[in-house]
Amino acid sequence: MSTAEKTIEEAQALEGAPVLVGRPDDRALTEGLLAPVLEPTRKGFVLLLFALLGGVGFWLISLGATLFVGIGAWGNNIPVAWAYDITNFVWWIGIGHAGTLISAILLLFQQKWRTSINRFAEAMTLFAVAMAGIYPIIHLGRPWLFWWLIPYPSTNQIWPNFKSALPWDVFAISTYGTVSLLFWYLGLIPDLATLRDAAKSRTRRVVYGIMSFGWRGSARHWHHYRVGYLLLAGLSTPLVVSVHTIVSFDFAISQLPGWHTTIFPPYFVAGAIFSGFAMVMTLMIPARRVLGFKHVVTERHLDNMAKVILATGLMVSYGYVMEHFMAWYSGSGYEAFAFLNRWTGPYAPIWYMQLFCNVLAPQVFWFPSMRRNEVALFVVSILVNIGMWAERFVIIAVSLTRDFVPSSWAMYSPTWVDWGLLFGSISTFGLLFLLFLRFLPAIPVFEVKELRRELEHHGPGVHFQSPADAPGAHIEDPEEAT
Amino acid sequence: MKAHVLGEFAREHALLDAARALRARGHASLDIHSPYPLHGADEALGLKRSTVPLVALVGGVTGAVTGYLLQFYVAAVAWPLNVGNRPPHSAPAFIPVTFELGVLFSALAIFFGLLGGYFGFPRTHHPVFEVEEFRSASIDALWLSAEVDGKDAEPLAQELRRLGARHVSIVPEAT
């Protein structure tokens, strides 16, 4: 280890674990990060693939049952017209939000630690939004007429009602899905070109060559690319906030006690980031171990993500307190009853589970040792995922079971189709993610190279020599030669 | 006949110096190829400020105006629904869709503007790809390229070698 390298490690010791361990040269970095794509198929991949395909089968059967039987295959009834379907929708769309937060908002804040996890988180966003988008469509009852949601001059002479929150949802979700896809793909293009150039087989060279559209790393392209990428990040930032705000309007704009609350937009956005970071953690902890990304996804990343989970967990807890305060302060007996029903009603166990998972569990992250303990991080991230699903169920379905008039009350219980749609979508999401890890660069290679240079040139008070500058490594410089 | 001259460099400042020197001698078609955005490349090539923000703005404004007019037409002209006696043209209710369409159009303009307009993609057959060593341009090396007349290719190749390039290749443009 050279002196300079030692100094940089020491300097970083003062500010916690480094965002990048060691200083591999560009070729080693490229080969290391692309290894999961370029190396031969592993046994574990095949096993996991078949396990997930089983879940996908369950999902397809449940979707089939929904299409052939109709909504009657679900446990939904009147008054509980929205249950697992919309719970799953809100849960998945919320999970997606962390990806955009990491890739766009942290980019604008120039957080260096985002670099190695942004691609990963964006892919998670994309697949989560794809899963989310299915529920409102199958919930239409006649999903084959889903295109009626789009305003177009039809022979029916009927148009969507833009004064309702539901058509806003159509625009918010489709815009979010499209912009996330464009942002993700724009970031992928230089890395697809790297894959094209690093691949040995002709098929891969051709496929990745087509996918990278002929990217040649031209400075004239980078020049516009960087501006465009930053602008997309700038657009995604208000977009991500607007999407969950609009989703929360689906509830907040209605009259139902438990839904009719002005705190919903910020509370939903915080909850979305909370659950999304938990999902990034759930996926990242095994992936960095199995795929050998520990030098680019370090303890520092886990530590920072745990802090975000703690912070957003506190915001969500504040939301719970405020909901109760407003129920009391509003003086509305119906509102007060809706919240009393959470503590003492027939679904109280789910409410207690929600409190345990979302309020209590993240508190362990006050301890720095817990923020670096992979087991603790993994367990808490799973609990938060469960807790946030429970939260959406309590808000959506439990509020519906007890509305204004006792004669219209009813209980809700899911059928096997409801469970199939939930667990099947988790498997499908897992399958898409597994394929992403196998066929696309999960860590942005070019951004890590850029990060390495930034750390060298603007590192903590140290000017570090790049390997290319090492004596005898390369050809002469004309300036020195003359 | 045109030709592309390519030279591979190992060190950033050698490449940037070479680019500056060649540009000073009047080579207008210079380009730098690097695996990551290279600081100083814009200045060395004398690139002007990017106009992508303008594309984004035009896209965004078009989207927002389209969104608002669409809702106005649908809710106030084509299908006026009386819901709770709210006015058919209710601006506050039209904000979310106006915003979403603004973002959508802007993002589409940026993405397709970059790929199709600024980059001229898809173009997988660019002459630089004729050189097998050019694969390193996306992995760990920096390349300088210039498009010149066939007769000027050999002198430029000499010049690049003198400026410190390791691999130098000439790709004659297919006629």
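Above this note sits the structure.
Residues numbered from 1 in each chain as written. Chains lettered and ligands numbered in written order. Predicted model: local features only at pLDDT ≥ 70, side-chain atom pairs only at ≥ 80, totals over all residues. Heavy atoms only, no water.

## Some points on a nonpolar patch on the surface
Residues and elements named next belong to chain A. The criterion, for reference: Two joining distances apply to patches: 9 Å for like charges and 5 Å for nonpolar side chains (Val, Leu, Ile, Met, Phe, Trp, Tyr), and every residue must have over 30% relative accessible area and no salt bridge. To be clear on the numbers: accessible area is Shrake-Rupley with a 1.4 Å probe, and residue cover counts the displayed protein chains and nothing else. Salt bridge, as used here, is a side-chain nitrogen of Lys or Arg placed within 4 Å of a carboxyl oxygen of Asp or Glu. Runs of H or I in DSSP of at least four residues are treated as helices and runs of E of at least two as strands, each being numbered from the N terminus.
Taken together, F58, I61, W416, W419, F423 and I426 make up a surface patch of nonpolar side chains, about 590 Å² in accessible area. Mapped onto the nonpolar patch, the elements with two or more residues apiece are α3 (43-69) and α15 (416-439). If one sorts the elements of the nonpolar patch by residue count, α15 sits on top with four residues. Looking at the element boundaries, I61 is found in helix α3.

## Focus: the interface of chain B and chain A
Worth spelling out the cut-off: By definition, residues are in contact when any of their heavy atoms lie within 4.5 Å. Accessible area, probed at 1.4 Å, shrinks when two parts are joined; the buried area is that loss added up over both. Side-chain atoms alone can form a polar contact between residues adjacent in sequence; in general such a contact is a pair of N or O atoms within 3.5 Å, and within protein one must be able to donate a hydrogen while the other accepts it.
Each partner contributes residues to the interface: chain B has 77 residues there, and chain A has 66 residues. A per-residue breakdown of the area chain B buries against chain A is headed by B:R11, B:P37 and B:I139, which together make up 11% of the total. Where chain B meets chain A, there are four salt bridges. Across the pair B:E132 and A:R205 runs a salt bridge whose closest N-O atoms are separated by 3.9 Å. Taken together, the links from chain B to chain A amount to 25 residue pairs in polar contact (both at pLDDT 80 or more). Taken together, the elements giving at least two residues each to the side of chain B that touches chain A come down to α1 (12-24), β2 (31-33), α2 (41-45), α3 (52-78) and α4 (91-118) of chain B. Among the elements that make up the side of chain B that touches chain A, the one with the highest residue count is α4(B) (18 residues).

## Notes on the side chain of A:S317
If you trace the backbone, A:S317 turns up in helix α10 (residues 299-329). A:S317 has contacts with A:N358 and A:V359, leaving out every residue within four places of it along the chain.

## With respect to the nonpolar core
Stated precisely, the cut-off is as follows: In this description, a nonpolar core means a group of buried Ala, Val, Leu, Ile, Met, Phe, Trp, Tyr and Cys residues linked to one another through side-chain atoms lying within 4.5 Å. Throughout, exposure labels follow a simple rule: accessible area from a 1.4 Å probe, protein chains only, divided by the maximum for the residue type, with under 20% read as buried, over 50% as exposed, and the rest as partly exposed.
Formed by 159 residues in total, the largest nonpolar core has its most connected members in A:W92, A:M124, A:F251, A:F277, A:F429, A:F433 and A:F436. Among the elements that line this core, the one with the most residues is helix α6 (residues 165-198) of chain A, at 18 residues. Residues contacting A:W92, with those up to four places away along its chain left out, are A:A128, A:M131, A:A132, A:Y135, A:M279, A:S425, A:I426 and A:F429. In terms of nonpolar packing, the next biggest core, distinct from the first, is built from 28 residues, B:A3, B:L15, B:L22 and B:A41 among them.

## Some words on the sheet that holds strand β3 (residues 142-149) of chain B
The pairing of strands in a sheet comes from backbone hydrogen bonds and takes either a parallel or an antiparallel form. All names here are of chain B. Applied cut-off: A pair of strands counts as paired when DSSP detects no fewer than two bridges linking them. What counts as an axis is a line fitted to C-alpha atoms, over the stretch in contact for a helix, and the angles between N-to-C directions run from 0 to 180 degrees.
Strands sit in the order β2-β3-β1-β4 across an open sheet of four strands; the sheet is antiparallel. Strands at the two margins of the open sheet, each flanked by one partner only, are β2 and β4 (168-172). Going across the sheet, the axis of each strand differs from the next one's by a mean of 25 degrees, ignoring polarity. When β2 meets β3, the two strands line up antiparallel, connected through three bridges. Bridging from a neighbouring strand, I32 pairs with L144 of β3.

## Some remarks on the packing of aromatic side chains
All names here are of chain A. How we decide: Aromatic pairs are defined between Phe, Tyr and Trp rings, using the six-membered ring for Trp, whenever the two ring centres lie within 6.5 Å; interplanar angles under 30 degrees are classed as stacked, those over 60 as edge-to-face, and all others as tilted. In this analysis the charged atom, NZ for Lys or CZ for Arg, is taken to sit over a ring once it is within 6 Å of the ring centre and within 35 degrees of the ring normal.
The full count for this structure, using the stated rule, is 52 aromatic pairs over all chains. Each ring, one from Y225 and one from F446, has its centre 6.0 Å from the other, and the planes form 75 degrees; the classification is edge-to-face. Of this pair, Y225 sits in helix α8 (residues 219-252) while F446 sits in helix α16 (residues 445-458), and the two are 221 residues apart along the sequence. Both residues of the pair, Y225 and F446, count as buried. Through a chain of ring-to-ring contacts, the aromatic side chains of W82, F251, W259, F264, Y267, F268, Y320, W343, W351 and Y352 assemble into a single cluster. Over the ring of F45 we find R438, and its NZ or CZ is 5.7 Å from the ring centre. Against the face of F439 rests R438, its NZ or CZ located 5.9 Å from the ring centre.

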